[in-house]
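Working through the structure, step by step
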2 protein chains.
Amino acid sequence: MIDLFGTPSLIGALAALTVGAVIALRRRHVNGRTLEQAAAAAGGNGRIVPDAPVPIPDSDAESLDVWGFRDTRFEVNERGHVELVGARYELSGQELPSLVPWVLDVMGAPLKRDETNRPAYPPEVPAPRSNAAFDDELRGSFKPDQLSTDAALRLRHGHGHTQEEMWAIKHGSIDRVPDLVVYPEDEEQVVRLVAAAARHAVCLIPYGGGTNVTEALRCPKDEQRTIVSVDMTRMNRVLWIDPVNRQAFVQAGAPGRLIMEQLEQHGFTMGHEPDSVEFSTLGGWVATNASGMKKNRYGNIEDIVLDVHLVTPAGKLERATAFPRESVGADPRLAVLGSEGNIGIITGAVVKLFPLPEVQRYGSVVFPSFEEGVAFLYDLMHSGRPPASVRLVDNLQFQFSMALKPGSTGLHQLKSRAQKWFVTRIKGFDPQKMVACTLVFEGDRSEVREQEERVYRVARAHNGMKAGAENGRRGYQLTFSIAYIRDFIMNHYLIGESFETSVPWSHVLTLCENVKRRVLDECAQRNLPGKPFISCRVTQLYETGVCVYFYFGYYYKGVDNPSEIYAEMENAARDEILRSGGSLSHHHGIGKLRESFLPRVMSEASLEMNRRTKRAFDPDNIFGVRNQGIGS
Amino acid sequence: MIDLFGTPSLIGALAALTVGAVIALRRRHVNGRTLEQAAAAAGGNGRIVPDAPVPIPDSDAESLDVWGFRDTRFEVNERGHVELVGARYELSGQELPSLVPWVLDVMGAPLKRDETNRPAYPPEVPAPRSNAAFDDELRGSFKPDQLSTDAALRLRHGHGHTQEEMWAIKHGSIDRVPDLVVYPEDEEQVVRLVAAAARHAVCLIPYGGGTNVTEALRCPKDEQRTIVSVDMTRMNRVLWIDPVNRQAFVQAGAPGRLIMEQLEQHGFTMGHEPDSVEFSTLGGWVATNASGMKKNRYGNIEDIVLDVHLVTPAGKLERATAFPRESVGADPRLAVLGSEGNIGIITGAVVKLFPLPEVQRYGSVVFPSFEEGVAFLYDLMHSGRPPASVRLVDNLQFQFSMALKPGSTGLHQLKSRAQKWFVTRIKGFDPQKMVACTLVFEGDRSEVREQEERVYRVARAHNGMKAGAENGRRGYQLTFSIAYIRDFIMNHYLIGESFETSVPWSHVLTLCENVKRRVLDECAQRNLPGKPFISCRVTQLYETGVCVYFYFGYYYKGVDNPSEIYAEMENAARDEILRSGGSLSHHHGIGKLRESFLPRVMSEASLEMNRRTKRAFDPDNIFGVRNQGIGS
């Protein structure tokens, strides 16, 4: 096996070394002691109380109308190249000279600076419906700055990040949004809020990062009660760390990046890194039953969360201690995972901690075809513990990631061209068929070494060719900046979104083929302009199958109702997913977007049980967000 | 580090090799193919339909009055030595010459052949209360041999294996037992049974292996309805195996040993091996939220079970497919785990499969003290993936296992004496303080090698001394034969039982000390004869803590109400466990034995949620077994 794209730069290597040294230092500080020493050092109950996180600076303010931080966006610059504005990400400030021609070639869509569909954001926001008695009661318990009826804020709290919702706020309208946004600062305030809502027949909708892609925050149009969005983001602290027992209590409103920061200062991670980790919150992860990219090492959210605090109209679910493992009847915690705001407000959770890994390394491998890539994943998964993250992108996404290469890397480009020659001529890889797998290894030195050896050995058996750490690293870095592209292209007459499923191994290939064919057929039937983009990647491995992500977009210039057509097509894709043996959702949840498909995947008795459980927790439907069709 | 007890015998080594070869052969047969080949070989849907298990032969009949197979029991033989009668286990047919003197020394109890408390089994069994209309309906759907009112069978179906229950059937009485035992043979019959019970107001209690130790099968004394025990053991098949996606559908009544047999024929295991694996059933494991000794490698039951079929009065919970992982709302499956018969009848489950391990090896290490042993476990758990099973027994149990050595191993004894000298003189281990850790390694060759190296490296850092594979193997083999000892010693005026908890790492040592001290204090207050036996072992490791088992027994000759006193003392121990930071149960469940402690570990809202969930599934309390105080 040869190293296709060379080793990372010296600077990269030095940076990695420094991070490694810091991590090692932290680990020694925390872990190099006996149990007793560490417990004693952490005080009487063995717990460390971390400092409150630094208040989020203005420079980290989030956009209300598009994804992400305000300082970052894609645009077509004056030279006609796509550029990521800002300085936050590795890609920031760089021109991507290959992107415009590639998009024109693949989708038939010109990305031109002066040819845009300008958003009409903000739409008109309905006036708030207030509940005077409730408001009076609130004013006794909350400071004025904890209550807001600001129209832009109310609008933002009434949607997530589905394509349909983002289209609506830019080019359409939203009929119903929360009437009031409340920002509780502790659990006690949440309890008072829920009690007040119950007394005054107010509808509550918990709000975390607002990043869902299932219309989970969409307010029911016909809700006559006052709707209050309970914004949990001021409850963003790690309240304690128990270094000996590897646990922490984290408030539900903490976004992933703040949790990581707070824990890293003490040498730990909870290991949960969904692609939205910058903005999505612990409470949202629990409510959605989320999955992180490094779940092979740290587990999914249900593996990480040891206990949940949930405030419901029927009282507070909580435990005095989170035990390692129990058998004490059906754990009410389990009703909370995946509850999507239907039964109460998650105020915090006890989570597992892992020491920061001694080593973090990236890797990548290219394969001649998607089939070979999937066969590699299968054998890798069953050869022992796979690396923390393993992703396989299909040929179109492989091409896309090449098209995202910054223009300043002239030297690399040359090298890449020579390598391309090697790959295509010597190895016989077809550039229109080859695929790439990116890898993150985390662990101690020997563990990572063993995994690397095994990965590349299994890859070789499937005609895989090592493609270097730098390409792997780049793939993961792109995750965060690429999230900004949806809003950018929407302005350039391209509408698109991703959706996921989980599927048993035996059905992976047919499912991917069927969904792609179905989407292309549906597009053809509708005579859409340009050429549709439909691509997939495998993002999670299990003994029994995988998670597959699809990316679908099309050029909508001249199309009357692009968002509706997109939704029709996503539904067709979902129908095809279910027919092909895939699940309704791997980790995004149901919300309202996928509600109509539920009867196809659950028995009527199962659905009825969920409805009855809801009534048990919340007989008056205070939590009236109506996700999964529950509470309707 | 030196090998303390030498290597296993040549015969043992040869046996291990043969098993290894067979396993390797099976693995090649199943796994040496591509996905497509394996799926094609398994038929259209990729599934293998295994043969029905061979009907259980008469020679494998189980006792009704004591634990286990009828062919096996301990007795004091004519030479005054304890002997395990029968030929089933490694220990079978062997004299244990050290045991009688050791028990006399440690507990002050003479084990004499002619000095026994003879059981008065069977007690009088209440006459069945029949429900004529229900019986009529049943006769239409069930064959005569599927219905029994036999008194001994009804008695057996009305209890599990708590000390109190076993005492009651031998020396007391049971007020209420099932009125009828029904043996369904397929899911359809279960559905009809539940419908008939609902129509005729009959109470149903599901029955699996009858091995619970929580009074989970005890019938409520004041239940006026006809009580039907639904014995699931005729539903004991593996209905299909999906070798590619590593799943199987197993009927709920299959006991562990039959599941293992059926899966092993196709090169697989589900990896769940509780100590009761010979008799306990899949349905029981799910209902109890069970844990297997090899959970480090295969997970606990919640990790292994992908889907559950549950027949409730409100309909059938079932899924068309078990997906690798989902986010589709609160999974109703989760209400089933730990439900202890309260909400319906589990008829089967889709479980994960693992290929039989390439290598299985045992190991053992001795440490100078329990403290050192626990510190070793902590560092081992956090050094990487621990071996499939790791157990640490305290000094008393270490002594006990030495006392269980058969007398025929004269050569070993001599060797052992020399080694004892070495350990105590050279290494300075105190025979009254040293403890032992036994290990099972499973995996492929390199994985096992890595784990062995790591285990012994970490052990060395805690003054551990390698004690050989044979001692490890023996420790695990003893698990199954030792289960017979409770009934044996009860006849010799010794009453005892085990109970478990889970506890965070920081509290392991204090909890163990506190519980031992408390039990000794309680015994002293009661002026019991002899000397109480209280001992513990750590049986499961987690990142956040461990599972600890306690073993408690005392000499009851001359004591009026030994069973009640035992129960008082176990309750005192449980109180001390909770005070010391332990959980109410790690994997045995609540049943009725631990019900009164529930309010100390769950918030009132949590308990109320469980009661409401029960009503949602079963509003008329058809499943009226009333475990966890639910349905009362």
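In this text the structure is predicted, and so the values were computed from the model without any measurement.

Residues A:L204 and B:L204 are the most contacted members of the largest nonpolar core, which totals 297 residues. What A:L204 contacts, discounting residues up to four positions off in sequence, is A:L193, A:V194, A:A197, A:V228, A:V230, A:I345, A:I622, A:F623 and A:G624.

Time to look at the packing of helix 3 (residues 99-107) of chain B against helix 14 (residues 395-403) of chain B. All names here are of chain B. Interhelical geometry of helix 3 versus helix 14 gives an angle of 150 degrees and a closest axis separation of 9 Å. Considered as vectors, helix 3 and helix 14 are oriented roughly antiparallel to each other. On the side of helix 3, the interface is formed by L99, W102 and V106, while helix 14 contributes L396, Q399, F400 and A403. Residue classes in the contact of helix 3 with helix 14 are distributed as six nonpolar, one polar and no charged.

Turning next to the environment of A:L193. All names here are of chain A. With respect to the helices and strands, L193 occurs in helix 7 (residues 187-199). For L193, a relative accessible area of 0% corresponds to the buried category. Along the backbone, L193 and G86 are 107 residues apart, and their C-alpha atoms lie at a distance of 39 Å. With sequence-adjacent residues up to four places away left out, L193 is seen in contact with F134, L138, F142, V182, L204 and V230.

Moving on, we get to the interface of chain B and chain A. Between chain B and chain A, the contact holds 75 residues from the first and 75 residues from the second. When chain B packs against chain A, close to 6200 Å² is buried across both sides, 57% of that on carbon and sulfur atoms. Of all residues in chain B, B:P324, B:R325 and B:T544 bury the most surface against chain A, accounting for 13% of the area lost on that side. Here A:E543 ties to B:K352 by a salt bridge, and the two come within 3.5 Å at their closest N and O atoms. Summed over the shared surface of chain B and chain A, the number is 34 residue pairs in polar contact (both at pLDDT 80 or more). Every element with two or more residues in the side of chain B that touches chain A is listed here: helix 2 (35-41), helix 11 (301-304), strand 12 (315-317), helix 12 (333-336), strand 19 (494-504), strand 21 (545-555), helix 21 (598-601) and helix 22 (604-617) of chain B. In terms of residues, the side of chain B that touches chain A owes the most to one element, helix 22 of chain B, which gives seven residues.

It is worth spelling out the sheet that holds strand 8 (residues 238-242) of chain A at this point. Backbone hydrogen bonds are what pair the strands of a sheet, in a parallel or an antiparallel way. All names here are of chain A. Read from one edge to the other, the open sheet built from five strands follows the order 8-9-13-11-12, with strand pairing classed as antiparallel. The outermost strands of the open sheet, each flanked by one partner alone, are strand 8 and strand 12 (315-317). Adjacent strand axes in the sheet meet at a mean angle of 10 degrees when their direction is disregarded. Pairing analysis gives five bridges linking strand 9 (residues 247-251) to strand 13 (residues 345-352), with the strands arranged antiparallel. Counted as the bridge partner of V250 is A349 from strand 13. Sheet strands touched by helix 7: strand 11 (305-312), strand 12 and strand 13. Its angle to strand 11, the strand with the most contacts, is close to 40 degrees. Together, strand 8 and strand 9 form the strand contacts of helix 8 (residues 256-264), whose direction differs from that of strand 8 by roughly 40 degrees.

The next thing to look at is the relation of the copies chain B and chain A. After a rotation of 180 degrees and a shift along the axis of 0.0 Å, chain B superposes on chain A with an RMSD of 0.0 Å. The two molecules are tied by a two-fold rotation axis, judged by turn and shift. Minimal C-alpha separation from the rotation axis in chain B is found for B:T613, amounting to 2.9 Å. Counting the interface residues of chain B, we find that 100% of their copies in chain A are interface residues as well, pointing to one common contact surface.

Turning our attention to the pattern of salt bridges. Residues and elements named next belong to chain A. In total, this model carries 96 salt bridges over all chains according to the counting rule given. Across the salt bridge formed by D175 and K221, the nearest N and O atoms sit 3.5 Å from each other. Taken as a pair, D175 in the loop between helix 6 (163-171) and strand 5 (180-182) and K221 in the loop between strand 6 (203-207) and strand 7 (227-231) lie far apart in primary sequence, 46 residues in all. D618 is paired through a salt bridge with K614; the nearest N and O atoms lie 2.7 Å apart. Owing to a relative accessible area of 4%, K614 belongs among the buried residues under this scheme. In the salt-bridge network here, residues are joined through shared partners; they are R518, E522, R526, E568, D575, E576, R579 and R600.

Turning our attention to the environment of B:N627. All names here are of chain B. Following the sequence through the fold, N627 ends up in the segment after helix 22. Judged by relative accessible area, N627 falls into the buried class, the value being 0%. For the pair N627 and V351, spaced 276 residues apart in sequence, the C-alpha to C-alpha distance is 26 Å. Look past the residues within four positions of N627 in its chain and what remains in contact with it is E215, A216, E340, N342, G591 and K592.

Inspection of the secondary structure puts B:S291 in the loop between helix 9 (282-288) and helix 10 (295-298). Looking at B:S291, the relative accessible area reads 5%, which means it is buried. Reaching out from B:S291, the side chain makes a polar contact with the side chain of B:N300 at a distance of 2.7 Å. Engagement of the side chain of B:S291 in a polar contact is seen with the side chain of B:Q540, the distance being 2.8 Å. Apart from the residues lying within four places of it in its own chain, the contact partners of B:S291 are A:R325, B:H272, B:P274, B:N300, B:Q540, B:Y542, B:H586 and B:H587.

For the rest of this paragraph, the subject is the confidence of the model for chain A. Residue and element names in this part refer to chain A. Across chain A, the average pLDDT comes to 91, with 90% of residues at 70 or higher. Counted against residues more than four places away or in other chains, residues 1-37, with its pLDDT under 50, gives 51 contacts. Both scores are given for the predicted complex: the pTM is 0.92, the ipTM 0.90.

Thresholds applied
Residues numbered from 1 in each chain as written. Chains lettered and ligands numbered in written order. Predicted model: local features only at pLDDT ≥ 70, side-chain atom pairs only at ≥ 80, totals over all residues. Heavy atoms only, no water. Core = buried A, V, L, I, M, F, W, Y, C linked by side-chain atoms within 4.5 Å. Buried < 20%, exposed > 50% of the residue type's maximum accessible area, 1.4 Å probe, protein only. Contact = heavy atoms within 4.5 Å. Axes fitted to C-alpha atoms, helices over the stretch in contact; angles between N-to-C directions. Helix = DSSP H or I, 4+ residues; strand = E, 2+ residues; numbered from the N terminus. Parallel < 35°, antiparallel > 145°, perpendicular 65-115°, else oblique. Nonpolar A, V, L, I, M, F, W, Y, C, P; charged D, E, K, R; others polar. Buried area = accessible area lost by both parts, 1.4 Å probe. Salt bridge = Lys/Arg side-chain N within 4 Å of Asp/Glu carboxyl O. Polar contact = N/O pair within 3.5 Å; in protein donor to acceptor, adjacent residues only side chain to side chain. Pairing = 2+ DSSP bridges. Least-squares fit on C-alpha atoms with pLDDT ≥ 70 in both. pLDDT = per-residue confidence, 0-100.

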